[in-house]
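An overview of the molecular structure
Residues per chain are reported as follows:
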Amino acid sequence: MTKTTAKLADRREIIYFDQDDSAVRNSIDLRPLEPATGLSTVRRDPATGAWVTIAAHRQGRTYHPPADECPLCPSRDGRLSEIPDSDYQVAVFENRFPSLALDTAAPGTGSGGPLRAERAGAGRCEVVCFTADHDASFADLTPARARLVLDAWTDRTAELSALPGVEQVYCFENRGAEIGVTLAHPHGQIYAFPFTTPRTVLMIGQAERHRAETGRNLFEDLLAAERADGVRVVLAGEHWTAFVPFAARWPYEVHLHPHRRVPDLTALNEAERVEFPYIYLELLRRFDRIFVEPGQLAQAVVTPYISAWHQAPTVRGEELALHLELFTVRRAPGKLKFLAGVESGMDAFVNDVTPEAAAERLRQVAS
């Protein structure tokens, strides 16, 4: 793998990842851009203890541009984009409209004690472009190219985790207009948070209670139980297993775990890295077949989904195990799972599909 780092016109960093060791990426960003400045703060909710990011400057971010004005396509034929090179394999750059930024100008001056805790939203937000092909998706990548994305995620996890003040690195992909994606080009994001995210705090607390009660790790026990039961296992390899969780929140939700417990992407070994692309690509392709009638699987549809890597934070993360959660907001053909009063108001999910039925469907649509 070749990693090439450069600067965009407004001094944001861009990083190219290439399979070919001889790749040269030396194009210059010729756009007349002013230096970007972050203006976010993070405020702690005194009722729950959760940190909330306030980033009002993002209201003006790019929103559903036409394909010929896509900012994530390569710069070609006189049209300049966020990526100066005329082609790329995987490109990562600092978000132009970041929720969090190391050089944030917002002071974070909340001074009301525990009821008004506030500080500058110091962190980093990056965009990960999986391919130069505007009309492709992650599922269209070859295993070698998917491995390159994994290597990029790993590289960014290592570097961002080492930044001062960063507590957690979160790599994820939103796909589909139903999810709220504002750019159609296949891409994901990486957030380097200055706090541990609320869902991670809950998982760590549950894992610590499990350790105190049993002397064992919660995630190792969860994986062993699902593999032994088998009814919710969707796909299993030598080093990874994908299963629908026993208490799935979403109609179609899959958790993908390495068999060996590790804290984050940097700790995966070579055998685990080699197998991951095959397992993950198969899962994504199955998601695109969920809502297609039997006998018509060649006419796969684009299923909206969120793919989220859970990684241990830099503090109090000893019990958390690396795993990926993949889920869709679609519950049936033409029907979405809306988070309405119960889910949004009380965070109490009601699932319309049994986890066992979801697992069976995902096994039915295997390649």
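Attention here is on the structure that accompanies the text. (Residues numbered from 1 in each chain as written. Predicted model: local features only at pLDDT ≥ 70, side-chain atom pairs only at ≥ 80, totals over all residues. Heavy atoms only, no water.)

With respect to the helices and strands, Asp221 occurs in helix H3 (residues 218-229). Asp221 sits in the partly exposed class, given a relative accessible area of 22%. Taking the C-alpha atoms as reference points, Asp221 and Thr48, separated by 173 residues in sequence, lie 28 Å from one another. Every residue in contact with Asp221, bar those within four places of it in the chain, is listed here: His210, Thr214 and Arg216. A polar side-chain atom of Asp221 sits 2.8 Å from a polar atom in the side chain of Arg216. (Helix = DSSP H or I, 4+ residues; strand = E, 2+ residues; numbered from the N terminus. Buried < 20%, exposed > 50% of the residue type's maximum accessible area, 1.4 Å probe, protein only. Contact = heavy atoms within 4.5 Å. Polar contact = N/O pair within 3.5 Å; in protein donor to acceptor, adjacent residues only side chain to side chain.)

The next subject is the sheet that holds strand S6 (residues 118-120). The sheet built from three strands is open, its strands ordered S4-S3-S6 with antiparallel pairing. Pairing within the sheet leaves two strands with one partner each, and these edge strands are strand S4 (51-54) and S6. Averaged over all pairs of adjacent strands, the angle between strand axes in this sheet comes to 25 degrees, irrespective of strand direction. Here three bridges tie strand S3 (residues 41-44) to S6, and the two strands are oriented antiparallel to one another. Within S6, the residue paired with Thr41 across the bridge is Ala120. (Pairing = 2+ DSSP bridges. Axes fitted to C-alpha atoms, helices over the stretch in contact; angles between N-to-C directions.)

In the structure shown here, the tally under the stated rule is 17 aromatic pairs. Pairing Trp250 with Phe349 gives two aromatic rings, centres 5.3 Å apart and planes at 65 degrees, and the pair type is edge-to-face. Placement of Trp250 in the loop between strand S11 (240-243) and strand S12 (252-258) and of Phe349 in the loop between helix H5 (341-346) and helix H6 (355-364) is noted, with a sequence separation of 99 residues between them. Residue classification places Phe349 among the partly exposed residues on the basis of a relative accessible area of 23%. Site record: aromatic cluster; members linked through ring pairs are Phe130, Phe138, Trp153, Trp240, Phe276, Tyr280 and Trp309. (Phe/Tyr/Trp six-rings, centres within 6.5 Å; stacked < 30°, edge-to-face > 60°.)

Let us now look at the pattern of salt bridges. In the structure shown here, the tally under the stated rule is 33 salt bridges. Taking the shortest distance from any N to any O, the salt bridge between Glu82 and Arg31 comes out at 2.7 Å. Of this pair, Glu82 sits in the loop between S4 and strand S5 (90-94) while Arg31 sits in the loop between strand S2 (13-18) and S3, placing them 51 residues apart in sequence. The salt bridge involving Asp155 is made with Arg156; its shortest N-O contact spans 3.0 Å. Of the two residues, Asp155 and Arg156, both sit in the buried class. The structure contains a network of salt bridges with shared partners spanning Lys3, Glu13, Glu94, Arg124, Glu126, Asp155, Arg156 and Glu159. (Salt bridge = Lys/Arg side-chain N within 4 Å of Asp/Glu carboxyl O.)

With that settled, the discussion passes to a nonpolar patch on the surface. Taken together, the side chains of Ile28, Leu30 and Leu80 define a hydrophobic patch exposed on the protein surface, amounting to about 350 Å² of accessible area. Of note, Leu30 is situated in the loop between S2 and S3. (Patch = residues over 30% accessible without salt bridge, like charges linked within 9 Å, V, L, I, M, F, W, Y side chains within 5 Å. Areas by Shrake-Rupley, 256 points an atom, 1.4 Å probe, with all protein chains shown as cover.)

The topology assignment puts Arg232 in the loop between H3 and strand S10 (233-236). Note: C-alpha distance between Arg232 and Ala120 (112 residues apart in sequence) is 43 Å. In terms of polar contacts, Arg232 uses its side chain to reach the side chain of Glu226, at 3.2 Å. Here Asp229 takes part through its side chain, which lies 3.2 Å from a polar atom of the side chain of Arg232.

On inspection of all chains with the given rule, the structure shows zero disulfides. Cys73 forms no disulfide, and the closest cysteine sulfur to it belongs to Cys70, at a distance of 3.8 Å. (Disulfide = S-S within 2.5 Å.)

Another aspect to go through is the pairing of strand S14 (residues 323-328). Across the six residues that make up S14, a large majority, six, are buried. Pairing between S12 and S14: five bridges, direction antiparallel. Bridging from a neighbouring strand, His255 pairs with Glu325 of S14. Where strand S13 (residues 305-310) lies against S14, five bridges are found, and the strand directions are antiparallel. Considered in S14, the bridge of Trp309 is made with Leu324.

As paired strands, S3 and S4 are joined by four bridges and run antiparallel to one another. Its bridge partner being in S4, Thr41 is matched across the sheet by Ile54. Turn length for the S3-S4 hairpin, with the two strands adjacent in sequence and antiparallel, is six residues, and the turn residue Gly49 shows positive phi of about 85 degrees.

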